[in-house]
Amino acid sequence: MGHKIHLDSVGGKLPTNLWLWKDVGHTDEAKKELKALFGGQAPFDTPKPTRLIRRVLEIGAGRDALVLDFFAGSGTTGQAVTELNAADGGTRRCILCTDDENGICSEITYPRWRTVITGKRGDGSGYSEGLPGSLRYYRVGFVPLDEDDYYGLAEGLLRHTRELVELENGVDFDADPALAIVLSDEEADAFFSGGIASCEVLYLGHDVLLTAEQQAALDARDVEVRTVPAYFYRELGE
């Protein structure tokens with residue numbers, strides 16, 4: 001007779017159920033998903049089935065979780081998060097990271113996620129009705145601090161602040177004339193000189209000081225003001 005080993009006695013955890021391929025998918029299913037997304041071709045050899053990642057998320061990621069995948073591959077995690085949010089009304093956010101070897105990010109990961117959200121493939125053909133979501137991708141690099149051009153650096157960082165605000169709130173300032181963002185006193189002067197006419201919602205930097213006339217103009221048009229939190233600036237400045 002052998003001895004029964006309790007995994008929890010050595011720091012592990014006993015499984016509570018068994019996952020079968022019919023419940024969480026398999027490689028063939030994953031390739032079929034990619035073919036549907038990319039118009040008949042599967043541009044990635046070893047994709048994970050979306051149902052598998054959704055199962056993991058259902059167990060370990062609450063409805064407002066931040067999901068981080070350092071090995072993004074074809075972007076299965078991004079699709080799974082988007083689909084699960086649509087299914088249960090969650091507000092999960094997701095960060096996918098890749099070294100873009102052989103152009104995997106620009107040619108596979110990002111186009112896949114964009115197709116899931118927009119419902120349109122890269123060639124313009126229809127894939128689905130689309131799902132709610134906001135998507136950006138960035139190339140990470142090192143920006144040295146130039147003490148002789150501090151204000152030039154700060155201006156560049158403010159452009160990234162706009163993108164971060166768009167991501168967090170699921171908005172697009174360029175596409176929606178009813179939205180505006182003001183992150184400096186100079187931008188405020190320009191905005192109130194002409195940009196306020198169509199504005200319904202204004203994202204205002206936390207340290208921007210409006211004049212009495214500017215505040216009165218917002219009140220007169222009943223513009224909703226949303227303050228951009230200070231943590232954006234701390235993260236960009238660190």
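This text goes with the structure placed above it.
Keep in mind that what you see is a predicted model, and the values were worked out from it rather than measured. The written sequence of each chain sets the order in which its residues are numbered from 1. A pLDDT threshold of at least 70 governs which residues receive local features in this predicted model, and a stricter bar of 80 or more applies before side-chain atom pairs are shown or counted, although totals over entire chains, interfaces and linings include all residues. Values shown for side chains rest on all heavy atoms present in the structure; no hydrogens or waters enter the calculation.

Caption draft 1: Main features of the nonpolar core. Leu57, Ala61, Val67, Val81, Cys94, Leu96 and Trp113 are the most contacted members of the largest nonpolar core, which has 14 residues in total. Elements that contribute at least two residues to this core include exactly α3 (50–60), α4 (76–88), β2 (93–96) and α5 (104–118). Should any heavy atoms of two residues lie within 4.5 Å, those residues are counted as being in contact. Aside from chain neighbours lying at most four places away, what touches Ala61 is Val56, Val67 and Arg92. Residues Ala180, Phe192, Ile196 and Leu202 belong to the second largest nonpolar core, which totals 12 residues. Side-chain atoms within 4.5 Å link the members of a nonpolar core, which is a set of buried Ala, Val, Leu, Ile, Met, Phe, Trp, Tyr and Cys residues. The rule is simple: take the accessible area with a 1.4 Å probe, protein chains only, and divide by the maximum for that residue type; under 20% is buried, over 50% is exposed, in between is partly exposed. By definition, any uninterrupted DSSP run of H or I lasting at least four residues is a helix, any uninterrupted run of E lasting at least two residues is a strand, and each is numbered from the N terminus.

Caption draft 2: Expanded view of helix α7 (residues 185–192). Of the residues making up α7, those classed as buried are Ala188, Phe191 and Phe192. Across the axial projection of α7, the buried residues extend over an arc of 85 degrees, all falling on one side. Of the exposed residues in α7, the ones pointing more than 90 degrees away from its buried face are Glu186 and Ala190. In this structure, the buried side of α7 is in contact with β3 (179–182), β4 (201–205) and α8 (212–221). This arc is taken over the directions from the axis of the helix to the C-beta atoms.

Caption draft 3: The pairing of strand β1 (residues 66–69), seen in detail. Judged by which residues are buried, β1 turns out to be one-sided: Val67 and Asp69 face inward and are buried, whereas Leu66 and Leu68, on the alternate face, are not. With respect to chirality, the unit in which β1 leads through α4 into the neighbouring parallel β2 is right-handed. With the strands aimed away from the viewer, a crossover counts as right-handed if its path from the first strand over the helix to the second runs clockwise.

Caption draft 4: Summary view of the environment of Ala36. Mapped onto the elements, Ala36 comes out in helix α2 (residues 27–37). Remark: the alpha-carbon pair of Ala36 and Tyr127, spanning 91 residues in sequence, is separated by 7.4 Å. Not counting residues within four places of it along the chain, the set of residues in contact with Ala36 comprises Arg121 and Tyr127.

Caption draft 5: Structural detail: a negative patch on the surface. On the surface, Asp172, Asp174, Asp176 and Glu200 cluster together to form a negatively charged patch. Within the secondary structure layout, Asp176 lies in the loop between α6 (150–169) and β3. Here the term patch refers to residues with relative accessible area over 30% and no salt bridge, with like charges joined within 9 Å and nonpolar side chains (Val, Leu, Ile, Met, Phe, Trp, Tyr) within 5 Å. We get accessible surface area from the Shrake-Rupley algorithm with a probe of 1.4 Å; when it comes to residues, only the shown protein chains can shield them. What makes a salt bridge here is a side-chain nitrogen of Lys or Arg within 4 Å of a carboxyl oxygen of Asp or Glu, nothing more. Charge counting treats Lys and Arg as positive and Asp and Glu as negative, with His and both chain ends excluded. Note on charges: their place is set at NZ of Lys, CZ of Arg, CG of Asp or CD of Glu.

Caption draft 6: Seen up close, a nonpolar patch on the surface. Together, Leu66, Leu68, Phe70, Phe71 and Ile95 line one region of the surface with nonpolar side chains, adding up to about 570 Å² of accessible area. Position of Leu66 relative to the elements: it lies in strand β1.

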